[in-house]
Structures are given as structure tokens and as C-alpha cells.
Amino acid sequence: MNMEHYKTLEIVQKSPNSPVFHLLLNNPSLRNALSLDFFSEFPKALNSLDQNPNVGVIILSGHGDHFCSGIDLKFLNSNTNFQSNDHGRTRERLRREIKGLQAAITALERCRKPVIAGIHGGCIGGGIDLVTACDIRYCTEDAFFSVKEVDLAITADLGTLQRLPSIVGYGNAMELALTGRRFSGPEAKVLGLVSRVFSSKDALEQGVITVAEGIAMKSPLAVIGTKEVLLRSRDMSVDQGLDYVATWNSAMLPSDDLTEVVSAQIQKRKPTFAKL
């Protein structure tokens, strides 16, 4: 089932009544390079999925042979060529545009529903920005990765340098970002960038769907709470994180979901939850 129409994306519900929705990068002729249209459409697509009560989990993947080859160089060049006689205004405009691009990637974290990245082929530059903002990452054995910006004479500015260290460790992130070297799916697993490596694209798709369906069967309040608390706790001390989750659960814990879980266990059946 196809959903809203976008120039650079496709939203698909592959199984009727499934709570798992697929968000696909849809620019295969350019290896899913990220264009100006992408940065305007991506947060809108995520918001529509977030607000849709039928959506439990989102799978982010790419059409064609590669997940994402990074930012479209034509767009990058045009975005930095704006000139004005006032250097201050030129640079303020560029900063504002960079912040807008950052917000499009951060929309992955703003989305309440979990987002799982299914990565095949190349995941380069802006592709790393995307997947590091996802909640779970899986890839194929032949996938390859590169924090490529240093080779384009720019400093990565859409989230990789902020998110990658907490995923793979500071030292590993520094080495990958300074060298821009290519690394494989199996090495990505060793580094902790991905949680599991699959033998093929088909195996990846089926494996990710299985995980997504399992998550979607759980209490939606518990799922969105887990995502929110983990993201907030990443930037907090342990004491601050404990205080935050105490406040969160004081609001969310007395729910019908908790009552349903207890009843289901007593009755030895699977719990069912209202949509969010």
C-alpha cells in the first residue's frame, strides 16, 4: 500500500493492517543522494508517520543499489555560493540554512515512533548523519560506510560528529572522521554502529521487519517512553536521567497498558494495546 507522494521519498505499508511502515529514500539514479527536496520532505514525512495512529515502527531504507551516497554535490555547491556585499549577512544566512538541514536529520529523534535503519550498499557522508540519528541500525554484509566530509574539504555538520562518538566511542569516531576511510558492514558491527549484519538485502529486509513487528506489539507508551528517556539521558548525568525517568513514569505509568499486561499474564494470552 503506497502512502503520500514525495519527490525523494516513498512511504509504503507492505502488509495490510501492519503497524510497520517503510520510509524509503527514492532517488536511486543518484544513489539516493540528499537533495534540497529531500531536506524539505523528510521532516514532513516523519511527522505524518508520527501522527498516524496506525504506525507503530518505521523502517528507513533505500531504493536501488545503495542506502545513501551523501549530500547531492550540486545542492551543496549551490548552497554555499550565495554571495552578498555584506559578509555578515552572507554567513548568517549560511548558518541558518545549515541549522535547517540539521533539523531535518534531527526529525528522526523528534519522531516518537522508533526508526530502524536497514542499510545496504553504500552509506556515505550524509547517510551516516541519517543512520546515527536512527534508533536501531542493521546492515547487509556487503554494506560499506564512510564519514566522507573531510575528503570534500568540509567539517561534517549534520549530526555525525555529535552522535557517532556515543555509538562507537570517541576514539573510533575521531579516527573514522579524520581519515574518511571506507569500512565494511562486519567492521560496523564490531564498532557498534550496527547491531546485526545480514547476508543479503532480502535477509536484511525480512530480519528488520521481524524486529519491527516485535517492537510494534509492545505497549506504545512504553516504547515511546523508552526512546525518549534514552535520548534525554544521553546528554544527562545519571542522577539527572533518573530524575527525568521518575517524572516521566509518574505521568505515564498509571495507564491502561499496564493493566492490560497484568490481565494478559494472568489469563495467559498476548496483550493488546490501544493505538497511540
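Residues numbered from 1 in each chain as written. Predicted model: local features only at pLDDT ≥ 70, side-chain atom pairs only at ≥ 80, totals over all residues. Heavy atoms only, no water.

A. Up close: the overall build of the chain. Across its full length, the chain carries 11 helices and 10 strands. For 276 residues, the compact-globule formula gives about 19 Å, and the C-alpha radius of gyration of the chain, at 20 Å, lands near that figure. With the C-alpha coordinates aligned to their principal axes, the bounding extent of the chain is approximately 70 × 40 × 40 Å. Counting over 276 residues, the chain shows a buried share of 43%. For the chain, restricting intrachain contacts to residue pairs at least 6 apart in sequence, the fraction spanning at least 24 positions comes to 68%. When the accessible surface of the chain is totalled, it reaches about 14500 Å², and 55% of it is carbon and sulfur. Separation of charge centres in the chain, based on 30 positive and 30 negative side chains, amounts to 1 Å. (Helix = DSSP H or I, 4+ residues; strand = E, 2+ residues; numbered from the N terminus. Rg over C-alpha atoms; globule rule 2.2 N^0.38 Å. Buried < 20%, exposed > 50% of the residue type's maximum accessible area, 1.4 Å probe, protein only. Contact = heavy atoms within 4.5 Å. Areas by Shrake-Rupley, 256 points an atom, 1.4 Å probe, with all protein chains shown as cover. Lys, Arg positive; Asp, Glu negative; His and termini not counted. Charge placed at Lys NZ, Arg CZ, Asp CG, Glu CD.)

B. Spotlight on helix 8 (residues 201-216). Taking 1.5 Å as the rise per residue, helix 8 with 16 residues should run 22 Å; its terminal C-alpha atoms sit 22 Å apart, in good agreement. Three or more residues of helix 8 are buried, namely L204, G207, V208, I209, A212 and I215. Buried residues in helix 8 make contact with strand 3 (20-25), strand 4 (57-62), strand 5 (115-119), strand 7 (136-140), strand 10 (196-198) and helix 9 (220-234). (Expected span 1.5 Å × (residues − 1).)

C. Quick look at the environment of T226. Note on placement: T226 falls in helix 9. The exposure class of T226 is partly exposed, given its relative accessible area of 45%. A polar contact of 2.8 Å, which involves the side chain of T226, links it to the backbone oxygen of A222. (Polar contact = N/O pair within 3.5 Å; in protein donor to acceptor, adjacent residues only side chain to side chain.)

D. Highlighting the domain arrangement of the chain. Domain assignment breaks the chain into domain 1 (9-217) and domain 2 (220-267). For domain 1 and domain 2, the distance between their C-alpha centres works out to 27 Å. Listed per partner, the contact involves 11 residues of domain 1 and 5 residues of domain 2. Seen at the junction of domain 1 and domain 2, the total is 2 salt bridges. Residues E109 and R234 are paired through a salt bridge, measuring 3.0 Å at the closest nitrogen-oxygen approach. Inspection of the domain 1/domain 2 interface yields 5 residue pairs in polar contact (both at pLDDT 80 or more). (Domains from an automatic or database assignment. Salt bridge = Lys/Arg side-chain N within 4 Å of Asp/Glu carboxyl O.)

E. Spotlight on the packing of helix 9 against helix 10 (residues 238-252). As a packed pair, helix 9 and helix 10 sit with axes 10 Å apart at the nearest point and diverge in direction by 160 degrees. On the basis of the axis angle, helix 9 is roughly antiparallel to helix 10. By crossing handedness, the relation of helix 9 to helix 10 is classed as right-handed. Judged by residue contacts, L221, I224, G225, E228, V229, R232 and S233 of helix 9 engage G241, Y244, V245, W248 and M252 from helix 10. Tallied by class, the residues present in the contact of helix 9 with helix 10 amount to 7 nonpolar, 3 polar and 2 charged. (Axes fitted to C-alpha atoms, helices over the stretch in contact; angles between N-to-C directions. Parallel < 35°, antiparallel > 145°, perpendicular 65-115°, else oblique. Left-handed = near helix turned anticlockwise from the far one by under 90°. Nonpolar A, V, L, I, M, F, W, Y, C, P; charged D, E, K, R; others polar.)

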